[in-house]
Amino acid sequence: MRRPASETRAAGASYADLRRGSPRLALPFALVALLALVTVALPPYERPWWVTVLAAISLVPVAVVFFLAQRRSERSWLDPLAAYLLFPFAALVHDAAGAGTGGSSSGMTVILVLPILWLAITGTPPQLWVASALAILTFAIPIVVVGEPSYPFGDWRRAVVWAAIALVLAPVLQRIVRDLERQTRRARVANERVERLFDDAPHGVALLDLEGQIIRVNVSMAVLVGLDPPEMVGHQLSAFETPGETQIEDHVSRVVARPGDTFETECSFRDSGGNDVSVALSSIVVGDRGMGEVVMVNVVDISDRRRYLDRLSHLADHDVLTGLANRRRFETELHRHLDRCGRIGATGALLLLDLDNFKQVNDTLGHNAGDQLLITIAGLLRRSIRSSDLVARLGGDEFAVLLTDGDQAAAERVARLVVDRIRDHAATLDGVARRVTASVGAVTFRAASEHAADILALADMTMYDAKEAGRNQVAVLPEGDERGPRTAARLHWQSRIEGALENDRFELHLQPIMNIATGRISSAEVLLRLRDEDELVPPSRFVYIAERVGLMPQVDAWVVDKSMEMLARIRAEHDPEFELEVNLSGHSIGNPEIEQAIVTSLATHGVDPAALILEITETAAVADVAMARDFAARMTDLGCAFALDDFGAGFGSFYYLKHLFFDYVKIDGEFVAHVPDSPVDRTIMRSIVGIARDLGKRTVAEFVSEPEILEVCREEGVDFAQGYLIGKPVPYDEFVREFLPSVVEAAPKD
């Protein structure tokens, strides 16, 4: 788009014309000279006719020299010459008017003012000195050449007076003209600067009349809508708004109603290509000498900021890996649908889905293969539901589907479709991935209302009915059946958890954490397992139910006590500086029993509180930030350290880092697993490490499964590494044998 011609060139030309004289400036002088010529030509003639003719002819070289000077690009000797040539003309007119008929007095003597005024405006002081000399000669030459009686010697007085005019009054006039010229130039420069700021502003600027009609726009404003500036002039600014919106009309009305106040708003423009551009408007009524009161509107393109905020909002409500709704969004939509059911009656259903044998994919093929499988299954789930329904990833390999409408038969049909599609897709894969299936529990909102129970808990129990039935199954909670889930999965798991607590069937495995700087295994994370006959059950199978039935504080208390027992042995027998990280459930944060269990276990086993690192996930912290902060403060006073797990996975990660007490930041594995190949992940890791270091906190990278990942962590300044490359979770004896030296081995030899 071509920029409109600037007024700078015209302003500069105007300034040059003033110094050199222009046809426009010369016109009044020419009219005065012609008027004088006509006046002396009128009868009665005082002098012969040829004197007037000579006066007329003398104007010709004046005009010729003037126009020759105008053709030159710069000042030259021709510029003052045109003024000098006016003196012979003034002498002839003076003579024709009767100066040589017995007395030198003539009414046309004033014509001498023409060249003097011209040089006062356009000339220099030396040129004015020349003009004063020529004024004297204009009177002196007739006295000397013609003499008495036509030109008496006494006319020297007149010559002196006109010389004084040229030497005294003309420089004063010249100074006044120069001052005016300087002020005009300053005003012009200021105006040019304003014009340039308007035209070259990096954001859009528009001037509107009080009716909202465009008077003028700059190039940036026109670029926003893909037009040239003249194409926008004369239209209402609201004409460029996205159809169906009225923010601009309302905005202009408020601005006009309160002159002097600045108003801001955000709206969207529709450009010439049919695309919407998000903009921020800031407007005020200003006075203009030429246009009166106008509305000045500053328009800033905020499309990138809007997209960034939309992205942040999306991340707050969606799972980073699969793009599905996350647990936060799912619970919001579930509560909204429950409110809807309360108004119009129970309708729709909830499906809870858990992948069978998925852990074997991660353990055998690695987390990358597991992630790709989750992404594919997320796509299958999207294609299996309507656009009005919602599918969410609740965590790990657990998904939920909210059907907003339909009966029990429809819910069962969708559930079986999901199971079949996942099974058929897995059948096309190799290795253990072929064994991946889905167990789905389906509960209609009508059935949940009949049982007067939490539908999510019912769906969870029903899903375990499907698992108990052999997996790769659909279990539906029948409507009108008061027995509930036929295997009472939650009660069954509750009994198993209680039995594990009573009979000490829980086991603790330790996963090593390496100090990257020294290469030494300086700490470990405690991971819980449940021994059920010959099966070692991971926490993902029972922790959720333990939280549901209120057993998690007891489980955490058991974990803390056993962990302190192991820590005391490790520090006494192997490494006196060893530390343990112990996970706490969100249900245990702030629980007085847990706090008492921590204090008692530390005292019972004689462990330095500084060796205990309490690990809390963001999801646990977000439940009640104030409670988490108070709990962390009390434990910190006791001497314990804190680690914030899965940092970066939540929308408010940095908020928690600011408001909670933490000594370690565990970088979420999502940003670690692909860091060698992803510049984005590496940048995020670098940012987290930098912020943590500035805040005096140390960082731990999870999911370090390859040497390349460890090398990047080392380069970016991560303090500790944890993952399968460092070591898998193993029982205590195996951990000690593989990762820790004994006191005897570590002791210096004589």
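Source: prediction; values computed, not measured.

Here is what the cut-offs are and how they apply
Residues numbered from 1 in each chain as written. Predicted model: local features only at pLDDT ≥ 70, side-chain atom pairs only at ≥ 80, totals over all residues. Heavy atoms only, no water. Helix = DSSP H or I, 4+ residues; strand = E, 2+ residues; numbered from the N terminus. Buried < 20%, exposed > 50% of the residue type's maximum accessible area, 1.4 Å probe, protein only. Contact = heavy atoms within 4.5 Å. Areas by Shrake-Rupley, 256 points an atom, 1.4 Å probe, with all protein chains shown as cover. Pairing = 2+ DSSP bridges. Axes fitted to C-alpha atoms, helices over the stretch in contact; angles between N-to-C directions. Expected span 1.5 Å × (residues − 1). Bend = angle between axes of the 7 residues up to and from the residue. Salt bridge = Lys/Arg side-chain N within 4 Å of Asp/Glu carboxyl O. Right-handed = clockwise from strand over helix to strand, strands pointing away. Left-handed = near helix turned anticlockwise from the far one by under 90°. Nonpolar A, V, L, I, M, F, W, Y, C, P; charged D, E, K, R; others polar. Core = buried A, V, L, I, M, F, W, Y, C linked by side-chain atoms within 4.5 Å. Arc of directions from axis to C-beta.

Caption draft 1: Structural context of the overall build of the protein chain. On a plain count of helices and strands, the protein chain comes out with 29 helices and 20 strands. Looking at the protein chain residue by residue over its 750 residues, the buried ones come to 47%. In the protein chain, the share of contacts with a sequence separation of at least 24, taken over all contacts with a separation of at least 6, comes to 65%. With the model as given, the accessible surface of the protein chain reaches about 36600 Å², and the carbon-plus-sulfur share is 55%.

Caption draft 2: Representation of the sheet that holds strand β10 (residues 474-476) in the model. Pairing within the open sheet is mixed, and its five strands lie in the order β7-β8-β6-β9-β10. For this open sheet the edge positions go to β7 (390-395) and β10, each flanked by a neighbour on one side alone. The sheet shows a mean angle of 20° between the axes of neighbouring strands, direction not considered. Sheet topology places strand β6 (residues 349-356) next to strand β8 (residues 398-403); six bridges connect them, and they run antiparallel.

Caption draft 3: Molecular detail of helix α7 (residues 125-145). Between the first and last C-alpha of α7 there are 30 Å, a value that for 21 residues agrees with the 30 Å anticipated at 1.5 Å per step. Bending of α7 peaks at approximately 30° at the position of Phe139, with proline Pro142 no more than four residues after it. The complete set of buried residues in α7 reads Gln127, Leu128, Ala131, Ser132, Ala135, Thr138, Phe139, Pro142 and Ile143.

Caption draft 4: Expanded view of the environment of Leu365. With respect to the helices and strands, the residue Leu365 is situated in helix α14 (residues 358-365). A C-alpha to C-alpha distance of 8.6 Å links Leu365 and Ala433, two positions 68 residues apart in sequence. What Leu365 contacts, discounting residues up to four positions off in sequence, is Gln360, Val432 and Ala433.

Caption draft 5: Region of interest: the pattern of salt bridges. Summed over all chains, the structure comprises 27 salt bridges. For Glu715, the salt bridge goes to Arg682, with nearest N and O atoms at 2.5 Å. Residue Glu715 is found in helix α27 (residues 707-716), and its partner Arg682 is found in helix α26 (residues 679-694); the two are separated by 33 residues along the sequence. Taking relative accessible area as the criterion, Glu715 reaches 49% and is therefore assigned partly exposed. Arg682 sits in the partly exposed class, given a relative accessible area of 23%. Between Arg714 and Glu711 there is a salt bridge, and its shortest N-O distance comes to 3.1 Å. Remark: Glu711 and Arg714 occur in helix α27; sequence separation between them is three residues, near one turn of the helix. Using a relative accessible area of 39% as the deciding quantity, one classes Arg714 as partly exposed. Salt bridges linked by common partners bring Glu525, Glu581, Glu615, Lys666 and Glu702 together as one network.

Caption draft 6: Representation of the pairing of strand β18 (residues 698-701) within the structure. Relative to β18, strand β17 (residues 664-667) runs parallel, the two being bridged by four bridges. The residue bridging Tyr664 from the neighbouring strand is Arg698, located in β18. For the segment spanning β18, α27 and strand β19 (residues 720-722), crossover handedness is right-handed.

Caption draft 7: Spatial organisation of the packing of helix α15 (residues 367-383) against helix α16 (residues 408-427). Here α15 crosses α16 at 145°, and the two axes come no closer than 10 Å. Considering only the axes of α15 and α16, their crossing is right-handed. On the side of α15, the interface is formed by Leu373, Thr376, Ile377, Leu380, Leu381 and Arg383, while α16 contributes Val418, Arg421, Ile422 and His425. Across the contact of α15 with α16, the residue classes tally to six nonpolar, two polar and two charged.

Caption draft 8: Quick look at the nonpolar core. The biggest cluster of nonpolar side chains holds 98 residues, and the ones touching the most others in it are Phe330, Phe506 and Ile598. In terms of residue count, helix α21 (residues 552-573) provides more of this core than any other element does, nine residues in total. When neighbours within four sequence positions are excluded, Phe330 is seen to be in contact with Leu350, Leu390, Ala392, Leu394, Ala400, Leu402 and Leu456. Listed in part, the 38 residues of the second largest apolar core include Ala69, Leu86, Ala135 and Trp162.

Caption draft 9: Here's a closer look at α26. Its 16 residues place the ends of α26 22 Å apart at the C-alpha level, agreeing with the 22 Å of an ideal helix rising 1.5 Å per residue. Within the sequence span of α26, burial applies to Asp681, Met685, Ile688, Val689 and Ala692. For α26, the buried positions fall inside an angular range of 95° around the axis, keeping them on one side. Counted as exposed and oriented over 90 degrees from the buried face of α26: Pro679, Val680 and Asp694.

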